[in-house]
Amino acid sequence: MNLKSLKRKWERTKVERRNLVAQEVIVEQRESWIDLNTIQAKVIFTIVSILLFGAIWELAAKLINNHVILPTPISSFKALYLLIQNKIPLGAAGVGSFESMLLQTLEITAIGFLLSSAVGIPVGYLIGRWRAAEAIIDPWINALYAIPMVALIPLLYFGSGSLIPVSVFDYQGDLLPDVLVSFIMTVFTIIINTYQGVRLVSNSLVEVGKAFGASENQLTRHVVIPAALPDIVAGMRLGLGRALLGAIIAEALLSTNGLGYTMLAFQSILNTPYMVATIMVIAFIGFVLLQTPKLIERRLFKWKETERIKRGGNE
Amino acid sequence: MALEQKTVSTFKQILKIEGISKSFVKDGKKVQVLEDVSFEAREGSFVSIIGPSGCGKTTLLRIIDGLVKPDSGKVLFNGKPVTSPPPKMGFVFQQFGLLPWRTVRKNVEFGLELRGVNPEEKKKIAEGYIKLVGLEGFENHYPHELSGGMQQRVGLARALAIDPDVLLMDEPFASLDMQTRELFQRELLKIVKGALPKTTLFVTHNIDEAIYLSDEIVLMTARPGKVYEIIKVDLPQERWKEDIRAHPEFIRLRQKIWKFLESQIIEKEMGENESGKA
Ligand SMILES: Nc1ncnc2c1ncn2[C@@H]1O[C@H](COP(=O)(O)OP(=O)(O)OP(=O)(O)O)[C@@H](O)[C@H]1O
Ligand SMILES: [Mg+2]
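Residues numbered from 1 in each chain as written. Chains lettered and ligands numbered in written order. Predicted model: local features only at pLDDT ≥ 70, side-chain atom pairs only at ≥ 80, totals over all residues. Heavy atoms only, no water.

### Description of the overall build of chain A
Scanning chain A from terminus to terminus reveals twelve helices and zero strands. Counted from the first residue to the last, chain A has its helices and strands arranged as α-α-α-α-α-α-α-α-α-α-α-α. The buried share of chain A, taken over its 315 residues, is 41%. Of all intrachain contacts in chain A linking residues separated by at least 6 positions in sequence, the fraction that spans at least 24 positions is 74%. Counting only carbon and sulfur atoms, one obtains 66% of the accessible surface of chain A, whose full area is about 18,500 Å². (Helix = DSSP H or I, 4+ residues; strand = E, 2+ residues; numbered from the N terminus. Buried < 20%, exposed > 50% of the residue type's maximum accessible area, 1.4 Å probe, protein only. Contact = heavy atoms within 4.5 Å. Areas by Shrake-Rupley, 256 points an atom, 1.4 Å probe, with all protein chains shown as cover.)

Here it is, written out as structure tokens:
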């Protein structure tokens, strides 16, 4: 009895087995009078939604009839156009060029986010995996998470200059407090998501790893991290939004440049169209920051996506 | 045929299970799951473990593989006590235990990858076993895209791929339909008794399956699981060659095991009724 003749026998029965299998993988197809699965349908829905929003905005602005309280969409877009062209209204004190404010906000967001990931993922992993680490670290996280982070900002502002030498971050300006605010706003979200993801990895998967001889390191790399990755990445996606929020808040309270500062500068001279325009820029960045990882996630977690709940007309 | 059986029986005892007891604590109450379980397996033999649901069969396999520590007793593999999963034991899990983020090929390669087998060889070995279990063409599917039976085959291929001396199988054919199941029983025997000789511990609920496959059957009582009897199956070795299920000895054994299991289930239900009244 050798392997070859064994295989030949398998080949023979393969057809019947294949038939069984083929029935199992036929994809169920749904029919309805309007096919909501197409890209076109999605685009149409999105456009309708945007137009509806614009119409309500226009109507409200007309009713209020005061462009300081609520400018019309058209005057806001006009301001946006001028802002991008670096045409800043007179009296807006210290507002820099459009590029410089955009870059500063993005820089704070990026560094705050990266720092949070670099700290949050290992910490989340540790407390998710080891009870001892959980007992030591978790109370602090809960306590810190409960404090409104904005309350820490003045503390940071005074503390950061004297406690942490600015040269560590090597900034020409004083972005360090801003980065710290963004970091603090973000890191807990990433820690908690990683922690949840790791904690909920099923023991039976870990046991499979052990049964096949995985070392502690291999368990981490080949079982725990891949199993928790969807949660970790979801945490990072939320973290991106938080990092941007942190950057805007920090700029508004601590900085003299950036979109957060600019937004308030326009508000203080009662130039609401420009303020709304700045908010639009922030919203746009936020949109891109939240959408791009979604696309990546969908590719990365194909194995998970098809397991998920089917939403009407969307799959 | 008789001569062949004799040579088999002179093989050494590759696996000794000595006085294994295990209890779990559930809601502050101690539940005795296994009590003084002992048996041995000759090298190259096929041993089935059969017993009512919840009697600790899965727990026993996990202890034998070194995944769980027993409260007392020990497992000897080639004379050495098992404390962690030995590289030469393969495990086929009851709930498949596939890694959902890995494709069929990657799942079969898993054990080889952990052992640092080079990519080319790894791929070649995996492909061989995927073919063997009839999953050609599904290499790049994810587990959730497969039926239960197909997933179970992936689990089997993955365990075979590390070329184990001892194969621990926890109800590996439970989610196959009758025809496929019989086909797989036959092919499994051909593998472990022929092409790739192995010692096999096989947990099942299916009496016919146990008789058809085994040299010995370990009958276990309802919880706490104890060894009630070890039955030698005195049937020809190359069983796939004839219709063994009609053999008088086969029928005798089937009746005997069925009677025992029936008594266990009845006993358990009566026990539960009494404790319910109390
Ligand atoms: N980790 C655990 N913690 C607590 N109780 C457990 C644990 N693992 C198993 N048990 C209990 O041990 C008993 C035996 O479980 P086991 O899975 O070994 O049974 P089994 O014989 O394999 O059953 P089945 O035939 O249904 O698969 C059950 O009562 C179960 O509840
Ligand atoms: Mg079981």
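Back to the write-up after that little detour.
### Here's the deal with the nonpolar core
By size, the foremost hydrophobic cluster in this structure holds 54 residues, and its most contacted members are L15, F39, L60 and I64 of chain B. Residue contributions to this core peak at seven residues, all from helix α9 (residues 216-254) of chain A. Leaving out residues up to four positions away in the same chain, I64 of chain B has contacts with L15, I17, F39, V75, V82, M89, L168 and L201 of chain B. With 51 residues, the next largest nonpolar core counts A159, F184, I231 and I244 of chain B among its residues. (Core = buried A, V, L, I, M, F, W, Y, C linked by side-chain atoms within 4.5 Å.)

### Thoughts on the UniProt feature "domain: ABC transporter" (unreviewed entry) in chain B
When the UniProt feature table is mapped onto this chain numbering, "domain: ABC transporter" (unreviewed entry) sits at residues 15-249 of chain B. The span residues 15-249 of chain B is 31% helix and 28% strand, and its two end C-alpha atoms sit 27 Å from each other. (UniProt positions renumbered as here; feature names shortened; annotations may be inferred.)

### Description of the coordination of the magnesium ion (ligand 2)
Ligation of the magnesium ion (ligand 2) by protein atoms is provided by T58 of chain B (OG1) and Q94 of chain B (OE1), these donors lying 1.9 to 2.3 Å from the ion. Taken together, the positions of T58 of chain B in helix α2 (residues 57-64) and Q94 of chain B in the loop between β6 (89-92) and α3 (104-114) put the pair 36 residues apart, joining distant regions of the chain. (Donors = N, O, S within 2.8 Å, 3.2 Å for Na, K, Ca; no water.)

### Observations concerning the pattern of salt bridges
Across all of its chains, the model carries 17 salt bridges over all chains by this definition. As a salt-bridge pair, K62 of chain A and E58 of chain A come within 2.7 Å of each other at their nearest N and O atoms. In this pair, K62 of chain A and E58 of chain A are both assigned in helix α2 (residues 39-64), four residues apart and thus about one turn of the helix distant. The partner of K88 of chain B in a salt bridge is D163 of chain B, and the shortest N-O contact between them spans 3.8 Å. Here the residue K88 of chain B occupies a position in the loop between β5 (80-81) and β6, and D163 of chain B occupies one in the loop between α5 (148-161) and β7 (166-170), the gap between them amounting to 75 residues. (Salt bridge = Lys/Arg side-chain N within 4 Å of Asp/Glu carboxyl O.)

### Details of the site of ligand 1
Residues and elements named next belong to chain B. Near ligand 1, the surroundings consist of 13 residues, among which S53, K57, T58, T59 and R223 are the closest. Between ligand 1 and S53 there is a distance of 2.5 Å, counted from an oxygen atom to a side-chain nitrogen or oxygen. One of the side-chain nitrogen or oxygen atoms of E171 is found 3.3 Å away from an oxygen atom of ligand 1. Surface burial for ligand 1 is 68%, taken as the share of its 630 Å² of free accessible area covered by protein chains. A total of three residues in the shell around ligand 1 trace back to one element, the largest contributor, which is α2. (Near = heavy atom within 4 Å. Polar contact = N/O pair within 3.5 Å; in protein donor to acceptor, adjacent residues only side chain to side chain.)

### Points about the sheet that holds strand β10 (residues 227-232) of chain B
Residues and elements named next belong to chain B. An order of β6-β7-β8-β3-β9-β10 is seen for the six strands of this open sheet, with the pairing classed as mixed. Lying at the two open borders of the sheet, with one neighbouring strand each, are β6 and β10. Strand-to-strand twist in this sheet, taken as the mean axis angle between neighbours without regard to direction, amounts to 15°. Sheet topology note: the strand β3 (residues 46-50)/strand β8 (residues 199-204) ladder contains five bridges and is parallel. Bridging from a neighbouring strand, V47 pairs with L201 of β8. (Pairing = 2+ DSSP bridges. Axes fitted to C-alpha atoms, helices over the stretch in contact; angles between N-to-C directions.)

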